[in-house]
Amino acid sequence: MFSFPEQPIVPEKIGKAFLQGDFGRIYRQTTNDFQRLAGYDEFQNMAQTFNNGVTVYNLLFSYDINNHLVQYVWSDDQNERALEVYMDGQYIIHGFAMHPIVIDAEGGKKYSQQQYDWPIQTGKGWTVAWGGDHPMANAHHPLPNQRHAYDLVIQTSGKTYKGSSVKNENYSAYGEPIYAPAKGEVALVVDGILDNRPGIMNEEEPAGNAVVIRHALREYSILAHLQYGSIQVREREQVLAGDLIGRCGNSGNSTEPHLHLQLSNRPDFLQGTSIRMRFKHSPDPIRGDQIDR
């Protein structure tokens, strides 16, 4: 049984404690495995150097990883440095990292020219697994063609599935309806790709089963990783916001059932440039945010 020599630092106060130089208490809160990888003197020296010039760390987001660990990320006020902590419900730190950050400040200011609805049924626990204009919150961020993409899952009590994790049917998002986010014309349909077994990706078909919709002003929405055999629209078909286009699946370069959503300036998003979506009801959602409407 892990025990602390003093009162543990709660997650919300880790950033402040780190900035104040309370490295000993933080280090003693880490696991034995972490301490075998990095001695205290090494941790302290790195931390002191990392803190130089920082005036505040703000909690950027927290994300529950299937009800076992919670990822917390703090960013300094200049968005140049980030602290990443993985902590369990007993306040034990299983991972602690210090990251330099580079953000495309100009690109992040450019939004889509029109507004979009979420292409999902809200109020069901849909959560941003990856998304937001920050490299720590969005695994797509380093790629210009996917920089502003979102990966959406459904979380219930911090978990995306019930029972066995190797069955698609056990994931809350699997089979959920996916809708057109705005009026447009179906520019591309990719269908006939089998769903993956969770944990195994199909890298030869990155988007899997997907629908691309051409909207006004040369904006293309891409809805990817759809369920095999679920697509309800055809190319050149006109759709309205809220029309059913398919169901959430686990096809393509996907490890579990989820929806990949993004805008692009081309129908082939791998060859295009990602556009930051402007939503009607959710300003700037980020990893860990739940989509309520």
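Data block above holds the structure.
Novice: Quick question: what am I supposed to make of the overall build of the protein here?
Specialist: Summing up its helical and strand segments, the protein has five helices and 15 strands in all. Here the C-alpha radius of gyration of the protein, 21 Å, is about what a compact globule of 293 residues would show, namely 19 Å. Within the span of the protein, comprising 293 residues, buried residues form 49% of the whole. Within the protein, contacts between residues separated by at least 24 positions form 64% of all contacts whose residues are at least 6 apart in sequence. Of the accessible surface of the protein, which amounts to about 14,300 Å², a share of 46% is contributed by carbon and sulfur atoms. For the protein, the distance from the average site of its 26 positive side-chain charges to the average site of its 34 negative ones is 4 Å.

Novice: Sorry if this is basic, but what is going on with the nonpolar core here?
Specialist: Generally speaking, soluble globular proteins have nonpolar side chains that are buried together. Trp 118, Ile 120, Trp 126, Leu 152, Ile 178, Val 211 and Leu 259 are the most contacted members of the largest nonpolar core, which totals 29 residues. For this core, the elements supplying multiple residues, two or more each, are β6 (126–130), β7 (150–154), β10 (209–214), β11 (220–226), β14 (259–264) and β15 (274–279). Once you skip the residues sitting within four places of it in the chain, Leu 259 turns out to touch Pro 119, Ile 120, Tyr 150, Asp 151, Leu 152, Ile 178, Leu 223, Ala 224, Leu 226 and Cys 248. Membership of the second largest hydrophobic core comes to 22 residues, among which are Ile 26, Phe 34, Ile 93 and Met 98.

Novice: Sorry, what's going on with the pattern of salt bridges here?
Specialist: Side chains that carry opposite charge are capable of pairing whenever their charged atoms lie near each other. Under the definition given, this model contains seven salt bridges. Among the ionic pairs, Arg 25 bridges to Asp 22, the shortest N-O distance being 3.5 Å. The exposure class of Asp 22 is partly exposed, given its relative accessible area of 26%. Close ionic contact of Arg 276 with Asp 284 constitutes a salt bridge, the shortest N to O distance being 2.9 Å. Residues joined by salt bridges that share partners form a network here, namely Asp 133, Arg 276 and Asp 284.

Novice: Teacher, can you tell me more about helix α4 (residues 40–51) here?
Specialist: Since the α-helix turns once every 3.6 residues, residues separated by three or four places project in the same direction. The end-to-end C-alpha separation of α4 is 16 Å, in line with the 16 Å expected for twelve residues at 1.5 Å each. Those residues of α4 lying buried are Phe 43, Ala 47, Phe 50 and Asn 51. On an axial view of α4, the arc spanned by its buried residues comes to 95 degrees, and they lie on one face. In α4, those exposed residues whose orientation departs by more than 90 degrees from the buried face are Asp 41 and Thr 49. Of the surrounding elements, those touching the buried residues of α4 are α1 (14–19), α2 (23–28), α3 (32–37), β1 (57–65), β3 (81–87) and β4 (93–100). In the segment just after α4, Gly 53 is the residue with positive phi, at about 85 degrees.

Thresholds applied
- Residues numbered from 1 in each chain as written.
- Predicted model: local features only at pLDDT ≥ 70, side-chain atom pairs only at ≥ 80, totals over all residues.
- Heavy atoms only, no water.
- Helix = DSSP H or I, 4+ residues; strand = E, 2+ residues; numbered from the N terminus.
- Rg over C-alpha atoms; globule rule 2.2 N^0.38 Å.
- Buried < 20%, exposed > 50% of the residue type's maximum accessible area, 1.4 Å probe, protein only.
- Contact = heavy atoms within 4.5 Å.
- Areas by Shrake-Rupley, 256 points an atom, 1.4 Å probe, with all protein chains shown as cover.
- Lys, Arg positive; Asp, Glu negative; His and termini not counted.
- Charge placed at Lys NZ, Arg CZ, Asp CG, Glu CD.
- Core = buried A, V, L, I, M, F, W, Y, C linked by side-chain atoms within 4.5 Å.
- Salt bridge = Lys/Arg side-chain N within 4 Å of Asp/Glu carboxyl O.
- Expected span 1.5 Å × (residues − 1).
- Arc of directions from axis to C-beta.

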